[in-house]
Amino acid sequence: MRVTFTVNGEERVVDDVWEGESLLYVLRERCGLPGSKNACEQGECGSCTVYLDGTPVCACLVAAGQAEGGTVRTVEGLAEGHRLDPLQEAFVECGAVQCGFCTPGLIVAAHDLLARTDGVPADTEIREALAGNLCRCTGYEQIIEAVRLAAGRGAGPS
Amino acid sequence: MTTRLESGVRGGIGDSPVRPDGNLKVTGEFAYSSDLWMDGMLWGATLRSPHPRARITSVDLTEAVKLPGVHAVLTHEDVPGARCYGLDHRDQPVLAIDRVRYQGEAIAIVAADHPETARRACERIVVGYEVEEPVTDARRAALDPACPKVHESGNIVRHQPVRVGDASAATADVVVTGEYEVGMQDQAFLGPESGLAVPAEDGGVDLFVATQWLHVDQEQIAACLGLPAERVRLTLAGVGGAFGAREDLSMQIHACLLALRTGRPVKFVYGREESFFGHVHRHPAVLRYEHGATSDGRLVYVRAEIILDGGAYASSTPAVVGNAASLGAGPYNVPNVAIDAYGVYTNNPPCGAMRGFGAVQACFAYESQMDRLAEACGLDPVEVRIRNALSEGSTIATGQVVDMPAPLTDLLERVRAFPPPAARITGEDGRPDLLGLPGGVANTTHGEGVVRGVGYGIGIKNICYSEGFDDHSTARVRLELVGGEPAVLVHTAAAEVGQGLVTLQAQIARTELGVDRVTVAPADTAVGSAGSSSASRQSYMTGGAVRAACAAVRARVFALAGRHLAAEGRGGRVPADLALADGKVVSESEGVIATLAEILHAEAVEETREFRHRPTRPMDPLTGQGDSHTQFAFCVHRAVVDVDVELGLVKVVELAAVQDVGRILNPVALRGQILGGSAQGLGLALMEEIQVRDGVIRNPSFTDYLIPTILDMPPMRTQVLEHPDPHAPYGLRGAGEPPTLSSTPAVIAAVRAATGRSLTRVPVRPEHITGHAMDKPSDLG
């Protein structure tokens, strides 16, 4: 089948998609956007989190056909040119990135949290917002610090 | 001189420069092994055994081969070289030969033009099995001669006794005993096994793969392909975590076989379920301990039997047994020791390396025993540990003298002195915040039935490879002018698995050569082996190799400086106190001699060095005696928990850790190791277990295998001490594993303190906390 959707501001027409393919597979294998990661294929780890029509979703749980006509924003679409999003900067600075496999999904989920939060969210709010994203390397502490730092630098509703 | 060097360069040893791969990782551009792609690439898939023990009577590939889109279907008959591989014993078939020994053992592999086609082809392969009853009881495998054999060689992979004094005759005022059980933990790295094999024109293959040790992979792959090692070239692809699970081969040989057969690039990416079958796990263990002590809590003897279930293939079981045996008495002075550690074959999933291996299992048992001893003697749990703690100059159970700082008393006193965490998190309305309570937003309690407990744990871990292994690492360092500026290229085969080794290699080069601009080349087999990214050894070993190569480069630069001085007519005498700083050759006494730009011209200075730690010795096979370890490392934890004693739910309120690292090389990365290691220990304490019944894994998914989420992890306090080890580069001590040892017993001790229950297995289950468990925890399955 053919799937037509907008990815990171660009309209994409993807042909020969097998009906069983997920949005994640189409992004990674057919659109050249491997930033979203596949770590569990069942919506448990959050590594594949992308915005679909403004809402964070696990792209592994979205059938490609469900994205028809939709708007998708992935981790590749957060930086403006070479200027990183404040969250991306803060993740690198705080040591929130080790192996980095969970990082794209965590950054999209945290980006969504800050987009709907004025000021610096409380730790409990950060924890609740990121509870669907597994990280195996960091123990999460430096991730929380990165979100706080980015929020303090004015990342947030724009 | 050292101090001045460091002040001259930013991003050197002791700083926390940003990771060179950081920006790529946060923008999604970093190429993990699962992200690789080539024109004409095929996808691989693996057919695995549903049975833990069976004879294979037939394999029919007909229907699989017929499926459109399928390019190759291979079995063991297609393996051109050695049929088996393995880290220590080469006992694991590349593809099953005549029988399977664990559920998930690979039988056939397929290459097809779409991953789904490859999977469907696997489903069309018809395998005839004669199913046999699996060997699943590790204790029986170890001790019952009538137990069926998993391999013809017998079921014991290694039995290592340790004997000091006469533990069987020793008597004591106070005796505490216990039988402890450690469940099978999974490394659960997030980036599943994956890689891309590309056939080469010379008949060899180039493999891009996520691994922990390129050269040990290369050696095993080449042997099985029947190719010389130089025609099997490996390059490290982006690694999504490792924690030991990538020490053993997974898809490497399979991808190479299919690539060579089809003449096309072949990519494998395991899904999460397959990943649970695709790598080894942490050895489950049953540990029986008896400690005798004086009435004031000083240890007189320890007797222990430790049985580690290695599953179907040996993997690193021998080393796991060595660690459990040599460190089984813990970081304590004990005059009489009788430890017997066994690693056995069963038809359970194969087990091998995971962070802290061997030492983790023992630590849970001996620390549980120390708490029992404290209770029996009426002592504070920290006090009983301090009374028995090793210190510099002490002798451990193997007779090895701890010839480096061992500030255990200080570590324990510091962790005890941390202020206690707040009683409870309250929301704006003054009511308790559900997120801070056991059960969380499941809303199972508002504080009723919740009891707080505090517990401690301390561990001892060997750093680097032990027992006489020729442990070494190689580094090539090149200094040259690029665009008129001095630049350094560091090339090693060391695997960056997330820990920050790429950052550290550059830091060392900056400090040693006084040059800002340092690039770390991609790791591959074009340079000598760096050994494994495991055993907390890479800062020590590859760090040591980079430092040695830099020193060799520096010596040549100083010689060039002499030539430069002579050419300038400034005399042939070279000052003895030369150093490199800020891109210049400087002398303490005479100031700047020359800039590197003036000295180097078009010349590149390149040196390669192999680094070895001081030699270790095998353990005596009967007594375990011998200087088997390179270095010891220590971490201590305090855990504070709230337990819902009615529902058996635990909320860890705070974890505090104090660790001695000899010398801090990168504070941010170090803290990440302590926090992350502590999280894995918390997971083992409370939730992480591959549940195996009759040799079959019941929970191969992230839905059913639980790792700590951000809601499970409490805020952590960390403190780091720096008592340099005189034998180690920069005085450093390996840091990755020790936190994984001590957090598990600390958390369980805290739950015991809250509940008063004995809690002898990890992960603890709600029914053990509430007291509704059946007699044998394993009955609950």
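Just so it is clear, the structure is predicted and the values come from calculations on it, not from any experiment. Each residue is numbered by its place in its chain's sequence as written, counting from 1. Lettering of chains starts at A and numbering of ligands starts at 1, both following the order in which they are written. Residue-level local features of this predicted model are given only where pLDDT is at least 70; pairs of side-chain atoms are given and counted only at 80 or more, and the full residue set underlies all totals for whole chains, interfaces and linings.

A. Representation of the environment of A:Leu113 within the structure. Residues and elements named next belong to chain A. For Leu113, the location among the structural elements is in helix 3 (residues 103-115). Separated by 21 residues in sequence, Leu113 and Leu134 place their C-alpha atoms 16 Å apart. The contact rule is simple: place each C-beta atom from the backbone, and if two of them lie within 7 Å, those residues are in contact. Ignoring any residue separated from it by four or fewer positions in sequence, one finds Leu113 in contact with Pro121, Ile126 and Ala129. Counting from the N terminus, the helices are DSSP H or I runs at least four residues long and the strands are E runs at least two residues long.

B. The arrangement of the domain arrangement of chain A in detail. All names here are of chain A. Along its sequence, chain A is carved into domain 1 (3-75) and domain 2 (86-152). Segment limits for the domains were obtained from an automatic or database-derived domain assignment. Its C-alpha centre places domain 1 at a distance of 22 Å from the equivalent point of domain 2. Listed as interface residues are 13 residues of domain 1 and, on the opposing side, 11 residues of domain 2. Looking at which element gives the most residues to the side of domain 1 that touches domain 2, the answer is strand 3 (residues 49-52), with three residues. Charged means Asp, Glu, Lys or Arg here, nonpolar means Ala, Val, Leu, Ile, Met, Phe, Trp, Tyr, Cys or Pro, and polar covers whatever is left, Gly included. Taken together, the residues of the side of domain 1 that touches domain 2 sort by class into seven nonpolar, five polar and one charged.

C. Spatial organisation of the sheet that holds strand 23 (residues 518-520) of chain B. All names here are of chain B. One bridge is not enough; two strands pair if DSSP finds at least two bridges between them. Reading across the sheet, the four strands line up as 23-22-21-27 and stay open at both edges, with mixed pairing between neighbours. Two strands lie at the open edges of the sheet, namely strand 23 and strand 27 (605-612), each paired on one side alone. Taken over all neighbouring pairs, the strand axes of this sheet differ in orientation by 20° on average, direction set aside. Where strand 21 (residues 472-482) meets strand 22 (residues 485-491), seven bridges bridge the pair, whose relative direction is antiparallel. Following the sheet pairing, Val477 is matched in strand 22 by Val490. This element, helix 13 (residues 501-513), spans strand 21, strand 22 and strand 23 of the sheet and lies at about 145° to strand 23. Working convention: axes come from line fits to C-alpha atoms, limited for helices to the stretch in contact. Angles between N-to-C directions cover 0 to 180 degrees. Against the sheet, helix 14 (residues 538-567) contacts strand 21, strand 22 and strand 27, and its axis sits at roughly 140° relative to strand 27.

D. Representation of the interface of chain B and chain A. Contacts between the two partners involve 46 residues from chain B and, on the opposite side, 44 residues from chain A. At the level of elements, helix 2 (22-27) and helix 16 (667-686) of chain B are the ones that each hand at least two residues to the side of chain B that touches chain A. For the side of chain B that touches chain A, the element with the highest residue contribution is helix 16 of chain B, accounting for eight residues. Here the side of chain B that touches chain A is built from residues that sort into 21 nonpolar, 17 polar and eight charged.

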